[in-house]
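Fold and contact review
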Amino acid sequence: MSRDVDERKKRAALRKLRKAAALAEQGLGPELSDWERQFLEEVEARIETYGSAFADREKGAEGEALSSLQQVKLKEIDKKARGKGKSGFKSKVRPAYTPRVRNIDAEDDAPPEADVTPASPPVRPPAPRLVATTAPAPASQHPPAAPTPSPRPRFQVIKGGKSGDDA
């Protein structure tokens, strides 16, 4: 089942596959897993035999030799073979918070004994006083009372209707 695949795209896909396999053999990065080696071999064989490595037209573009997921996996294998790490969103690792505290037990940090004088506590300014500009409300006014709830609706039977009882 051969598809009409552009020869340039077919050659480019084969070149990328072979280059990734050659880089993996050089050992620049971590060794490829058995699955990754098998993937490269099978995709190369399918492209040479059928002109394309996928049959379902919904998985890739019409004239492409590799499906979109095969292209993504080939890029990952190529990066791994080159020794470059996976890309992606990584959380920034921040060191744990360490408060800046003076160590009073350390000899270098402590002031000399002769220079120590008892310090007086800091003087705080008095708090500002609030002055009322309007007269307070008279005590005779009460806040409005909460509205009384309406009585619960009652169920009432109306005689008549379909049953024909007009009594």
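The structure we're discussing is the one just above.
Overview of the structure. Predicted model, so just to flag it, every value in this text is computed and none were measured. The numbering scheme is per chain: residues are counted from 1 as the chain's sequence reads. At least 70 in pLDDT is required for a residue's local features to be given in this predicted model, at least 80 for side-chain atom pairs to be given and counted, and no such filter applies to totals for whole chains, interfaces and linings, which use all residues. With hydrogens and water stripped out, all remaining heavy atoms of the structure feed into the side-chain values.

1. A closer look at helix α3 (residues 68-82)
- Helix and strand assignments come from DSSP, with helices taken as H or I runs of at least 4 residues and strands as E runs of at least 2, each series counted from the N terminus. How far a helix is expected to stretch is found by multiplying one less than its residue total by 1.5 Å. Between its terminal C-alpha atoms α3 stretches 21 Å, which fits the 21 Å expected from 15 residues at 1.5 Å a residue.
- Those residues of α3 not exposed but buried are Gln-70, Leu-74, Ile-77, Asp-78 and Ala-81. The arc enclosing the buried residues of α3, seen along the axis, measures out at 105 degrees, which places them on a common side. With respect to the buried face of α3, the exposed residues turned more than 90 degrees away are Leu-69 and Lys-75.
- Just downstream of α3, Gly-83 is the residue with a positive phi angle, here 90 degrees. Relative accessibility thresholds used throughout: buried, under 20% of the residue-type maximum; exposed, over 50%; partly exposed, between the two (1.4 Å probe, protein chains only). Arc definition: directions from the helix axis to the C-beta atoms.

2. What to know about the packing of helix α1 (residues 7-26) against helix α2 (residues 34-50)
- Orientation is described by lines fitted to C-alpha atoms, with helices fitted over the stretch in contact, and by angles between N-to-C directions that extend from 0 to 180 degrees. The contact between α1 and α2 brings their axes to 10 Å, and the two run at 155 degrees. Viewed along their axes, α1 and α2 adopt a mutual orientation that is roughly antiparallel. Here α1 runs over α2; the crossing is left-handed. On α2, the residues that touch Lys-10, Ala-13, Leu-14, Leu-17, Arg-18 and Ala-21 of α1 are Leu-40, Val-43, Glu-44, Ile-47 and Glu-48. Each angle is binned into one of four classes, with values under 35 degrees roughly parallel, values over 145 roughly antiparallel, values of 65 to 115 roughly perpendicular, and all other values oblique. Each crossing gets its hand from how the near helix is turned against the far one by less than a right angle, where anticlockwise is left-handed and clockwise is right-handed. Residue contacts follow a heavy-atom distance rule, with two residues in contact if any of their heavy atoms lie within 4.5 Å.

3. Some words on a positive patch on the surface
- Patch membership needs two things, relative accessible area over 30% and no salt bridge, and members are linked within 9 Å if like-charged or within 5 Å if nonpolar (Val, Leu, Ile, Met, Phe, Trp, Tyr). Values of accessible area rely on a 1.4 Å probe in the Shrake-Rupley scheme; residue burial ignores everything except the protein chains shown. Any Lys or Arg side-chain nitrogen located within 4 Å of an Asp or Glu carboxyl oxygen qualifies as a salt bridge. When charges are counted, Lys and Arg are positive and Asp and Glu negative, with His and the chain ends excluded. Note that the charge is assigned to NZ on lysines, CZ on arginines, CG on aspartates and CD on glutamates. Taken together, the side chains of Arg-11, Arg-15, Lys-16, Lys-19, Lys-75, Lys-79 and Lys-84 present a region of like positive charge at the surface.
- Mapped by element, the contributors of at least two residues to the positive patch are α1 and α3.
- Among the elements that make up the positive patch, the one with the highest residue count is α1 (four residues).
- Looking at the secondary structure, you find Lys-16 in helix α1.

From the geometry alone we can't say anything about function, so treat these as descriptive.
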